[in-house]
Each structure stands twice: as C-alpha cells, then as structure tokens.
Amino acid sequence: MLQYLIVCPLMFLAGFVDSIAGGGGLISLPAYIIAGVPAHFALGTNKLASAMGTSISTGRYLKNGYIKGKRMIQIAVCASVVSLIGSSIGSGLSLLVSEQVLKNLMVVILPIVAFYVLRNKNLDTSAQGKQLSDRTAFAIAVLAAFLIGGYDGFYGPGTGTFLILVLTGAAQMEVRQASALTKVINLSSNVAALVTFLANGTVYYGLGLTAGVFCIAGHYMGSGLVVQNGQKIVRPVILVVLAVLFLKVVTGV
C-alpha cells in the first residue's frame, strides 16, 4: 500500500508535467525506486504505465490526421518495426545488468538527461519545413527509431524529446508531424520493452495498471489547462524528484 501511496501521486504528476512541457519520464521512473521497487521491476512496471499513457496520445495524433500520405505512412510503419527491434534489444540488455548497477546508472544518467531535456524545451521552428529527399528523411527517421528505441527499452526517460529533436532537426520534419511520428515510435518501443519485461516476470501488474490510470489522468488534466511558463513548473518538480532519488540510492534508505 505504501508503494501505491508514493507511486500513484508521482505518476499523476509525471503525466501532468509531460503534457505541459515533457520530461515526465524523469519523474515516473525514479518514483518506483523511491517507493522501494527493485530496479528491474521499476523498469518493467513503468513501461506498463507508459504504454497506457502513450497509446492515448498516439491515438489522438492519428485521429487528427497528422500521419497521412504515402511518405509519412511508410516512414511510420518502418520506424515502428525497427523501434520494436531496438527496444527489444535494449530491454534485454537491461535485464543483464545488476540491480545496484541500474540504480547507480540512474544517479548518473538521469541528471544528464534532465539537463538536456529541460534545456531543449523550445524547438526552433524557423528552419523547419525544408524538405529533404524522401530517401534521406526515411533513413534518418528509421535510424533514430532504432537507436533511441534501444535507449527507451534499456532506460527510457527523455525518449520523446530526443526523437522530436532528431526528426525536426536532422530530418527537417514539421513539428506536428514529428510529434505524431514520435508517439508512434515511442508506443512501439514501449510495447516491445513491456513484452520483454512481462516475459521475464519483472512487472507488478496491480501497481503498473493503477499507476497507468493516474498517469492518464495527469495527461488529461494537464492537456486541458492553458499553462503559461510551463517550464517554470516542470523544472523544480523534476529537480526535487531527482534529489530524492539521489539521496535514496546513496543512503540506501
């Protein structure tokens, strides 16, 4: 029950923060560790909740028709397939790493990811809309889906931000198209990683499903609000959660 009391409010907060300015994964994954969930189970259970939240936002983008036309459909299908492969490899590798190593990696990697994600909230759209050749854009999107999908399977936080930055920057996609494609790729990597963790028995079903409902509620409420200067809200919340995680791992409490 204590794990539910700690994880569920933080998952709601993660969904709320993610809907405003992204970076929800920087809260959701540490939430499980703070609640005392073993690292491998934290990764697996977090993927269950993440897959639930991502499926909702993916459906919204598809319903609004942001992925349309032969070019975008081909990119989306192929990127999803390679994301599945990359995420399966990444999640398999994470299961080979010991619990303590994973916790130590969190202390090192999460602050770095947080710095990069928070630093790149506002995309420069002035250079977007320049069309690369279909073959070049396709290659960039597929390569990004494989590599970042692998990272998502192994760890996860910051995946959406990294994908959008690559798709809008290197692949020169329009922001809404890049966001929609990001959700499709992210859903594929979440599902692949979740299947791997389920097959290895590293998912707490009750906690993950309940946390997923809270995450969806956070997304729903956050997206329904007009929040100005959202990053001013997001930054301190993420920093506080990471500080608690750091103390938890270092002190062993």
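Remember, it's a predicted structure, so these values are computed and weren't measured experimentally. (Residues numbered from 1 in each chain as written. Predicted model: local features only at pLDDT ≥ 70, side-chain atom pairs only at ≥ 80, totals over all residues. Heavy atoms only, no water.)

Draft legend 1. Structural detail: the packing of helix α7 (residues 159-169) against helix α8 (residues 175-199). Contact geometry for α7 and α8: axes closest at 9 Å, N-to-C directions at 135°. Put simply, α7 runs oblique to α8. Remark: the crossing between α7 and α8 carries right-handed chirality. Contact with α7, carried on its side by T159, G160, L163, I164, L167 and T168, involves V175, A178, S179, L181, T182, I185 and N186 of α8 and no other residues of that element. (Axes fitted to C-alpha atoms, helices over the stretch in contact; angles between N-to-C directions. Helix = DSSP H or I, 4+ residues; strand = E, 2+ residues; numbered from the N terminus. Parallel < 35°, antiparallel > 145°, perpendicular 65-115°, else oblique. Left-handed = near helix turned anticlockwise from the far one by under 90°. Contact = heavy atoms within 4.5 Å.)

Draft legend 2. Main features of the packing of aromatic side chains. With the rule as written, the count across this model stands at four aromatic pairs. Summarising the aromatic geometry, the rings of F41 and Y204 are spaced 4.6 Å apart at their centres and angled 25° between planes, so their arrangement reads as stacked. In this pair, F41 sits in helix α3 (residues 39-63) while Y204 sits in the loop between α8 and α9 (205-223), placing the two residues 163 residues apart along the sequence. (Phe/Tyr/Trp six-rings, centres within 6.5 Å; stacked < 30°, edge-to-face > 60°.)

Draft legend 3. The arrangement of α7 in detail. Taken residue by residue, α7 has T159, T161, F162, L163, L167 and T168 as its buried positions. Close packing links the buried residues of α7 with α5 (99-119), α6 (134-154) and α8. (Buried < 20%, exposed > 50% of the residue type's maximum accessible area, 1.4 Å probe, protein only.)

Draft legend 4. Region of the structure containing the pattern of salt bridges. Under the counting rule described, the total for this entry stands at three salt bridges. The salt bridge partner of R71 is D134, with a shortest N-O separation of 3.0 Å. Of the two residues, R71 sits in helix α4 (residues 70-96) while D134 sits in helix α6, which places them 63 residues apart along the sequence. One salt bridge in this structure joins R176 and E174, with 3.3 Å as the shortest N-O distance. On the accessibility criterion, E174 (33% relative accessible area) is partly exposed. (Salt bridge = Lys/Arg side-chain N within 4 Å of Asp/Glu carboxyl O.)

Draft legend 5. Examining the side chain of S91 more closely. By secondary structure assignment, the location of S91 is in helix α4. The exposure class of S91 is buried, given its relative accessible area of 0%. If we ignore the near neighbours within four places in the chain, the residues touching S91 are G153, F154, A192, A193, T196 and F197.

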